[in-house]
Structures are given as structure tokens and as C-alpha cells.
Amino acid sequence: MSDSWEGKKLPEVSLSSSTGNTVNLPKDSSGSWTLLYFYPKDDTPGCTKQACSYRDNLEKFTQAGAKVYGISSDSLDSHKQFIDKFNLSFPLLSDPKQTLSGPLGVYGDQEWQGRVFKGLSRDSFLVGPDGTIRKVWRKVDPTKTVAETLEEILKEAGA
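Residues numbered from 1 in each chain as written. Predicted model: local features only at pLDDT ≥ 70, side-chain atom pairs only at ≥ 80, totals over all residues. Heavy atoms only, no water.

## A few points about the UniProt feature "active site" (unreviewed entry) in the chain
Argument step 1. Within this structure's numbering, the places UniProt gives as "active site" (unreviewed entry) are C47.
Argument step 2. Tracing the chain through its elements places C47 in helix α1 (residues 45-63).
Argument step 3. Among all residues touching C47, those that are not within four sequence positions of it are Y39, P40, K41, F82 and R122. (UniProt positions renumbered as here; feature names shortened; annotations may be inferred. Helix = DSSP H or I, 4+ residues; strand = E, 2+ residues; numbered from the N terminus. Contact = heavy atoms within 4.5 Å.)

## Considerations on the packing of aromatic side chains
Argument step 1. Summed over the entire model, instances satisfying the criterion amount to seven aromatic pairs.
Argument step 2. With centroids separated by 5.6 Å and ring planes inclined at 35°, the aromatic side chains of Y37 and Y39 adopt a geometry described as tilted. Each member of the pair, Y37 as well as Y39, is classed as buried.
Argument step 3. Pairing Y39 with F82 gives two aromatic rings, centres 6.2 Å apart and planes at 40°, and the pair type is tilted. (Phe/Tyr/Trp six-rings, centres within 6.5 Å; stacked < 30°, edge-to-face > 60°. Buried < 20%, exposed > 50% of the residue type's maximum accessible area, 1.4 Å probe, protein only.)

## Here we look at helix α2 (residues 76-86)
Note that an α-helix has 3.6 residues per turn; residues three or four places apart therefore point the same way.
Argument step 1. For α2, the set of buried residues is S78, H79, F82, I83 and F86. In an axial view of α2, the angular spread of the buried residues amounts to 135°, which keeps them on one side of the axis. In α2, the exposed positions angled more than 90 degrees off the buried face are occupied by D77, Q81 and K85.
Argument step 2. Those residues of α2 that are buried are in contact with α1, β4 (66-72) and β5 (92-94).
Argument step 3. One or two steps after α2, the chain reaches N87, where phi turns positive at roughly 50°. (Arc of directions from axis to C-beta.)

## With respect to the sheet that holds strand β1 (residues 13-17)
Argument step 1. In spatial order, the strands read β2-β1-β5-β4-β3-β8-β9; together these seven strands make up an open sheet with mixed pairing. Each having just a single partner strand, β2 (22-25) and β9 (133-137) make up the two edges of the open sheet. Here the strands of the sheet are splayed against their neighbours by 30° on average, with no regard to which way each runs. (Pairing = 2+ DSSP bridges. Axes fitted to C-alpha atoms, helices over the stretch in contact; angles between N-to-C directions.)

## Some details on the state of the cysteines
Argument step 1. Counted by the stated rule, this structure contains zero disulfides.
Argument step 2. With no disulfide partner, C47 has as its closest neighbouring cysteine sulfur the one in C52, 11 Å distant. (Disulfide = S-S within 2.5 Å.)

## Focus on unusual backbone geometry
Argument step 1. Along the chain, L25 connects to P26 via a cis peptide bond; the corresponding omega equals 0°.
Argument step 2. Tracing the backbone shows P26 in the loop between β2 and β3 (33-38).
Argument step 3. Residue Q98 is not a glycine yet carries a positive backbone phi of 55°.
Argument step 4. Along the chain, the position of Q98 falls in the loop between β5 and β6 (107-112).
Argument step 5. One non-glycine residue, K139, lies in the positive phi region at around 45°.

## Focus: the environment of D109
Argument step 1. Relative to the helices and strands, D109 resides in strand β6.
Argument step 2. The class of D109 is exposed, set by a relative accessible area of 53%.
Argument step 3. Along the chain, D109 and L120 lie eleven residues apart, while their C-alpha atoms are 8.2 Å from each other.

## Some thoughts on helix α3 (residues 145-157)
Argument step 1. With 13 residues, α3 should cover 18 Å at 1.5 Å per step; its first-to-last C-alpha distance of 18 Å lies within 8% of that length.
Argument step 2. Those residues of α3 lying buried are T145, V146, T149, L150, E152 and I153. The buried residues of α3 all sit within an arc of 160° when viewed along its axis, so they share a single face. Away from the buried face of α3 by more than 90 degrees, exposed residues A147, E151 and K155 are located.
Argument step 3. Tucked inside the fold, the buried residues of α3 contact β3, α1, β4, β8 (124-127) and β9.
Argument step 4. Positive phi shows up at G158, right after α3, with a value of about 65°. (Expected span 1.5 Å × (residues − 1).)

What follows is the structure, given as C-alpha cells:
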């Protein structure tokens, strides 16, 4: 079953980046494949596994012509600590007001250990060079998602 966002244009947003710049999506990724992966919280076990796996495979994404952005509601200070602690080599974007995660259906009720709370789910979006969302993965496994997303980029990009 395809996600309702597949085939639609990525909403235009500006998010603060750990690089010190503002990233304007989809404008700043125009002409490139872009993987946006949303995650709940910096420096938590699942999010750390996922981020380190993207870090370890970043060269493969780059060779396929893809940019990778991690996105959470955490502050830029939190992102900087997370990047420094785990030597992450790609930008993390801060979405504290759910500017992008809200419209994409990433922000909402989450459940963990029987508790329901508002937060981000672990979802990924592959955006084509034209700004169209080509593939959506919802509630991904942090240990498997990197291979799944890379495989899709290689298939889509014909790399």
C-alpha cells in the first residue's frame, strides 16, 4: 500500500540546520535525490543506532547522488552534542514547531512502553530531484531502514 504523500511535492519549508545554515526544502535539494529521515530524539538507543548506520553508509548515499538529512524536534544545541558524540557526518535539521513533520503526518500520538505521548515517529521520505516524494517508510526499524532506503535510492536513481 502506498502512502498518501507518495507522488506529491514536498511542502516548502525552512529548517535550521546543524551546519549553521537554514535549509530550504525542497529548493536546496533540487536536482538531487534527498533522504529525509525523521527520528524521535537525539542520543537515545534506537536513534543513535539509526544515525550511526547512516554515518557509516553515507559514502554509498553520496555515490548514488543522494543527500541525507536527519530531522527531529530537538534543538540545534542538542543536535550539536549528538553529532559531536557520535561523529555524525551529515546535517541534522531542527523541526521544533513541526513545520514539516506535522504536515507529513510524522508528528502525532506515539506509544512507548504503554504510554501515549505527542512526538515524532520514525519515518523516512525519499524525495526525487524534482521535489516529488517518491517513497515513504512509516515506523521503520532503526537497524534495517538504512539498507532499505539505500536500496530504493539505487533503484530509483539507476545508480
